[in-house]
Structure formats: structure tokens, C-alpha cells
Amino acid sequence: MNTAFPSSPTSTPHIIDGKAAAQAVLINVKAAVEAEGLTPGLAVVLVGNDPASAVYVRNKSRRAEECGFLSRQYDLPADASEARLLELITELNADPAIHGILVQLPLPEQINAYKVIQAIDPLKDVDGFHYVNVGHLSTGAMKEALVPCTPLGALHLIQSVIGNDLRGKHAVVIGRSNIVGKPMANLLLQHDCTVTLVHSRTADPAAVCRQADIVVAAVGVPGLVKADWIKPGAIVIDVGINRVETPDGGRLVGDVDYATVAPLSTAITPVPGGVGPMTIAMLMQNTLKAARRLTTGEQPGE
Ligand code: GUN
């Protein structure tokens, strides 16, 4: 029994501070870089000029610099061909100064994202989207796996509340995307949770979700998860970042109806300021992992 995890609901839930947690991870990464005399190299590729993607990419490049990494950003025009992008990836795969390659998604429609992801050297796939890394995670080869950053960040926040031991907790993941839902489910399974994936064809998602000790919502539907989806005392992790229009211009909201769900929960992530900052911190952690492995010459499986 973990005494840090109250068994009864509280009307003043712990609001999980993703910014502070991310800052702590970044400080550790920077300290490791200095102590080990390593210069991890991260290449971030943006195709086109989607404003939200441009902000994400800039933040990733900036954080990499702050961690003492070599940080390179490649901006390709919106009409760049698939062949041009594949050529760039081939160059980056061969570049010994680069240990992590991230191609920001979504990509313009003339480019096959699957083909692009599979072209990245799995050892440099810091997004964890290549099927080699998907396979490592789903078979439990955690030392070898580069795990997708958002699920890794969500797990870190869950463990910051209830400790590392998640054995036997019932975790319900809402959403089955390759970027969040499926790797999140695999990661929680790896930590001995009983895992249920809820998706758009689930018969009664609210009833399933009400059984959860841990809820992770990652569907991109503003305010989908309401109070009647939540067992009192649950931990609620909101991965959604949805822009909704308001009379004063618009704001970001999550997939969870925060106002009604927060009073029922033991701990909850806000949007913004919850999982979002953790994604970038975990990208830096993955790049450090990739750099260590590539510079020591150690191969997966060794
Ligand atoms: N677009 C939205 N989230 C992500 C992510 O985690 N990685 C990449 N490459 N693109 C994204």
C-alpha cells in the first residue's frame, strides 16, 4: 500500500505540475551531458509552415541547446518532395554528430509519413515511432527501446504521484493512436498495470473508464471525459491539447472536463502545463539515451 496515494476522493486534488517535473528532467539531462563529456546531436525536421508545428519544433530545438546538445533544425518548404526528405534522412542517418532525428508530424499529403519514419535509423529514432522500437516496447525490451515521448512523460507524471510501483492498478487509456494510445497502453502493461484501451467503437466508454485507478485521455476531443467517467480517487492524465474558440480569441483545453473531474480525482494534470512540457523533456532524455548508445558502439540486445 503506497501511503502517498489516498484511497478516498478529495475535493482539493493534487494538480500535477508538468512544468516543474519537466524542468527537473531537463536539469538531470544537462548534468549528465556535462558529467559524461558527451555532446548529443538532435536534428529536428519541419516540412511546411503549419504555425503550431513551427512552435513545437522551435521549442524542441531550443531545449536541446539549453541541455548542451548540438541542435540542428531543417526547414523544408511545404511542397518538398518525399524523395528530398528521404535524402535528408539518409544524410542524417550517416552523420556521426547526429544521434537523434525527429521529423515533425503531420507531413504534407505528398509525403508518405510511414515511409519517412521507417527510413530513420532505429538507433536515432528518438520519437520511438519506427517499427523496430515499437517492437522493442511491445516485447518488453526496455533497455533497447526508444519509447515515444508523450507516453513516457505521462508515465513519469503518474509515478511522481504514486511512486514507481504500479502493479495491479487498473489503467484505462482513451484513444488508440500510434503516437500516444498504443505505446501508453504497452508502457503501463510493462509496469504490471491491468490495461484497457477505450476507443471510438467501445460500447460504453464511461462505464469502462469508471473502473480505472489511472485514466489517460488521448483522443483530441475537448472535454470528452466528464465526471461520470471517473471513479472517485482516480489519477487523471490529460494528453489532449485542443484549441477552442472563445469570444476573446480562443484557448487550449484538454480531453478532460477539468472543472467537473478535478474535484473527484486524487491528482490531475492541467492543460496547458501538464503533459505538454514533459514531451519535450522526454525527447531530450531519449536523445541522451541514443547518444550514449551510439557513442559507446553498444548495439541493442547487448
Ligand atoms: N506531432 C505531434 N506530436 C508529435 C510527436 O510526438 N512527434 C512528432 N515527430 N510529431 C508530432
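Residues numbered from 1 in each chain as written. Predicted model: local features only at pLDDT ≥ 70, side-chain atom pairs only at ≥ 80, totals over all residues. Heavy atoms only, no water.

As recorded in an unreviewed UniProt entry, the protein chain goes by the name Bifunctional protein FolD, listed as coming from Pseudomonas duriflava. Here is the UniProt Subunit (unreviewed entry) comment for the protein chain, exactly as written: "Homodimer." Quoted verbatim from the Sequence similarities (unreviewed entry) heading of the UniProt record, the comment on the protein chain is "Belongs to the tetrahydrofolate dehydrogenase/cyclohydrolase family." (UniProt positions renumbered as here; feature names shortened; annotations may be inferred.)

Below, the discussion takes up the UniProt feature "domain: Tetrahydrofolate dehydrogenase/cyclohydrolase catalytic" (unreviewed entry) in the protein chain. Feature annotation in UniProt assigns "domain: Tetrahydrofolate dehydrogenase/cyclohydrolase catalytic" (unreviewed entry) to the following positions: residues 16-127. Strand forms 16% of residues 16-127 and helix 49%; the C-alpha atoms that close the span are 24 Å apart. (Helix = DSSP H or I, 4+ residues; strand = E, 2+ residues; numbered from the N terminus.)

Near the ligand, the surroundings consist of L102, V103, Q104, L105, D127 and F129. Within the backbone of L105, an N or O atom sits 2.9 Å from a nitrogen atom of the ligand. The residue inventory of the shell around the ligand, partitioned by class, reads four nonpolar, one polar and one charged. (Near = heavy atom within 4 Å. Polar contact = N/O pair within 3.5 Å; in protein donor to acceptor, adjacent residues only side chain to side chain. Nonpolar A, V, L, I, M, F, W, Y, C, P; charged D, E, K, R; others polar.)

This paragraph deals with the pattern of salt bridges. Within the structure shown, the criterion is met by eight salt bridges. The closest approach of N and O atoms between R167 and D165, which form a salt bridge, is 2.8 Å. Under the relative-accessibility criterion, R167 is labelled exposed at 59%. (Salt bridge = Lys/Arg side-chain N within 4 Å of Asp/Glu carboxyl O. Buried < 20%, exposed > 50% of the residue type's maximum accessible area, 1.4 Å probe, protein only.)

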